[in-house]
Amino acid sequence: MIKFLDLKKINEQYETEINQAFQTFFKSGWYMLGNSLKVFEQEFAQYCGTRHCIGVANGLDALILILKAYDFEPGSEVIVPANTYIATILSISHSNLKPILVEPDINTYNIDPARIEEKITDKTKAIMVVHLYGQATNMQAINKIAQKHNLKVIEDSAQSHGAVYQGKRAGNLSDASGFSFYPGKNLGALGDGGAVTTNDDKLAEKIRVLRNYGSEIKYKNQYKGINSRLDELQAAILSVKLKNLDNETNNRRKIAEYYLNNIKNNKIVLPMVTARESHVWHLFVIRTENREQLQKYLQEKDIQTMIHYPIAPHKQNAYKEWNHRCLSITEQIHSQVLSLPISPVMNIDEAKVVVDAINNY
Ligand SMILES: *Cc1c(COP(=O)(O)O)cnc(C)c1O
């Protein structure tokens, strides 16, 4: 069987080092906001090329904490791609701000910069972009619009650890960025985890305090903060895995390139790559008219696939106030996408099985 993503196999690569990290952690007797977190924050900031990294509990909180720190007036508007995982949009709703959905580019699946300016009002405060499936958004166009209208730019980098755009990494392409270290992400912990990266000293300091009840000095609370800390143990495990992230990304690229060069079936639309290094292939997503039929066909051949995502956020019950809206490009994408197996531990022989199956479909 070809698994969609063999997490067990991915993490077993690091078994010895993770066991060592656990022993060091256990013997230290220190569980929260300690040295392992500090070390990982430094390493991940350096990896992204940013001045700061603040470890938090998960990717959703990372985005919420950025918005909290900016303290926009309630009801202010944040522009966000309609085509994303719902967490991006939830971070805005949870901050008492209004998500303004913008359709994506049908080729890259990322927010279409050409559709942003028509949505800007005097209430707009920020543009939150998502490097969806692992490919960097067109930041040059986004940052130009933001500069012209005096807006903050926030990246949701939950799917794009290590993606490089015009010489800079995801997380270093805007005012502040949220990362997730959920186990299935390109850099995954053995549980929940997340981080904010930024070059803004004041913002970093505020988020560092906000993640810990708004308290810098114990029992003295400066802000109405939340409890959202990255565990010492997860930080230590992430330090182990970060060392090998670029190698893992290279294997993802090898599989993706094999698919791109060898899948030849006119019923299938392959993903568009804007630049080799700008895509870290969190997911390899194809489009086809009858994806349920293709999924079933592949399943019969023991090839696991998944759908990212089956229902657009504006069509979810959670946002029933928007259910009547029609965002045709987003809906088309949600009805046609299918994610093929890709991972750092997949090999070309396995990719060939997938390619042969699709080419015979
Ligand atoms: C995974 C993900 C998140 C949320 O991360 P969690 O750690 O699960 O909270 C946010 N945005 C995108 C695009 C994601 O893929």
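Caption draft 1: Broad picture of the sheet that holds strand 4 (residues 124–130). Spatial strand order, 1-9-8-5-4-2-3: 7 strands in an open sheet with mixed pairing. Of all strands in the sheet, those bounded by a partner on one side alone are strand 1 (52–56) and strand 3 (98–102). Direction aside, the axes of adjacent strands within the sheet are offset by 20° on average. Of the pairings in the sheet, the one linking strand 1 to strand 9 (residues 194–198) comprises 5 bridges and is antiparallel in character. Bridged to glycine 55 within strand 9 is alanine 195. Where helix 3 (residues 35–48) meets the sheet, its contacts fall on strand 1, strand 8 (176–180) and strand 9, and the angle it forms with strand 1 comes to roughly 130°. Of the strands in this sheet, strand 1, strand 2 (77–81), strand 4, strand 5 (152–156), strand 8 and strand 9 touch helix 4 (residues 59–70), which is tilted by about 160° from strand 8.

Caption draft 2: Representation of the site of the ligand within the structure. Close to the ligand lie 13 residues; Gly59, Asp156, Gln159, Ser180 and Lys185 are nearest. Aspartate 156 is positioned such that a nitrogen or oxygen atom in its side chain is 2.7 Å from a nitrogen atom of the ligand. Taken together, the elements giving at least two residues each to the shell around the ligand come down to helix 4 and helix 5 (86–93). Residue composition of the shell around the ligand, grouped by class: 5 nonpolar, 6 polar and 2 charged.

Caption draft 3: Just the packing of aromatic side chains, in detail. According to the stated counting rule, one finds 15 aromatic pairs in the structure shown. Ring geometry for phenylalanine 44 and tyrosine 47: centres 6.2 Å apart, planes at 15°, overall stacked. Taken together, the positions of phenylalanine 44 and tyrosine 47, both in helix 3 and 3 residues apart, correspond to about one turn of that helix. One exposure class covers both phenylalanine 44 and tyrosine 47, and it is buried. Between the aromatic rings of tyrosine 319 and tryptophan 322, the centroid separation amounts to 4.3 Å while the plane-to-plane angle is 5°, which identifies the pairing as stacked. Each member of the pair, tyrosine 319 as well as tryptophan 322, is classed as buried. Put simply, the rings of Phe40, Phe44, Tyr47, Phe179 and Phe181 pair up and form one aromatic cluster.

Caption draft 4: Structural context of the environment of histidine 279. In this structure, histidine 279 sits in the loop between helix 9 (245–262) and strand 12 (284–287). Sequence-wise, histidine 279 and glycine 134 are 145 residues apart; in three dimensions their C-alpha atoms are separated by 5.3 Å. With residues up to four places along the chain from it excluded, the contact list for histidine 279 reads Tyr133, Gly134, Gln135, Arg253 and Val273. Of note is the side chain of histidine 279, whose polar atom sits 3.0 Å from the backbone nitrogen of tryptophan 281.

Caption draft 5: Region of interest: helix 4. Counted at 1.5 Å a residue, the expected span for helix 4 with its 12 residues is 16 Å, and the 17 Å between its end C-alpha atoms agrees. With 10 of its 12 residues buried, helix 4 lies for the most part within the structure. When helix 4 is considered as a whole, its buried residues turn out to be Gly59, Asp61, Ala62, Leu63, Ile64, Leu65, Ile66, Leu67, Ala69 and Tyr70.

Caption draft 6: Spatial organisation of a nonpolar patch on the surface. The grouping of Tyr31, Met32 and Leu33 at the surface amounts to a nonpolar patch, some 260 Å² of accessible area in total. The residue leucine 33 is located in the loop between helix 2 (15–28) and helix 3 in this model.

Conventions and cut-offs
Residues numbered from 1 in each chain as written. Predicted model: local features only at pLDDT ≥ 70, side-chain atom pairs only at ≥ 80, totals over all residues. Heavy atoms only, no water. Pairing = 2+ DSSP bridges. Helix = DSSP H or I, 4+ residues; strand = E, 2+ residues; numbered from the N terminus. Axes fitted to C-alpha atoms, helices over the stretch in contact; angles between N-to-C directions. Contact = heavy atoms within 4.5 Å. Near = heavy atom within 4 Å. Polar contact = N/O pair within 3.5 Å; in protein donor to acceptor, adjacent residues only side chain to side chain. Nonpolar A, V, L, I, M, F, W, Y, C, P; charged D, E, K, R; others polar. Phe/Tyr/Trp six-rings, centres within 6.5 Å; stacked < 30°, edge-to-face > 60°. Buried < 20%, exposed > 50% of the residue type's maximum accessible area, 1.4 Å probe, protein only. Expected span 1.5 Å × (residues − 1). Patch = residues over 30% accessible without salt bridge, like charges linked within 9 Å, V, L, I, M, F, W, Y side chains within 5 Å. Areas by Shrake-Rupley, 256 points an atom, 1.4 Å probe, with all protein chains shown as cover. Salt bridge = Lys/Arg side-chain N within 4 Å of Asp/Glu carboxyl O.

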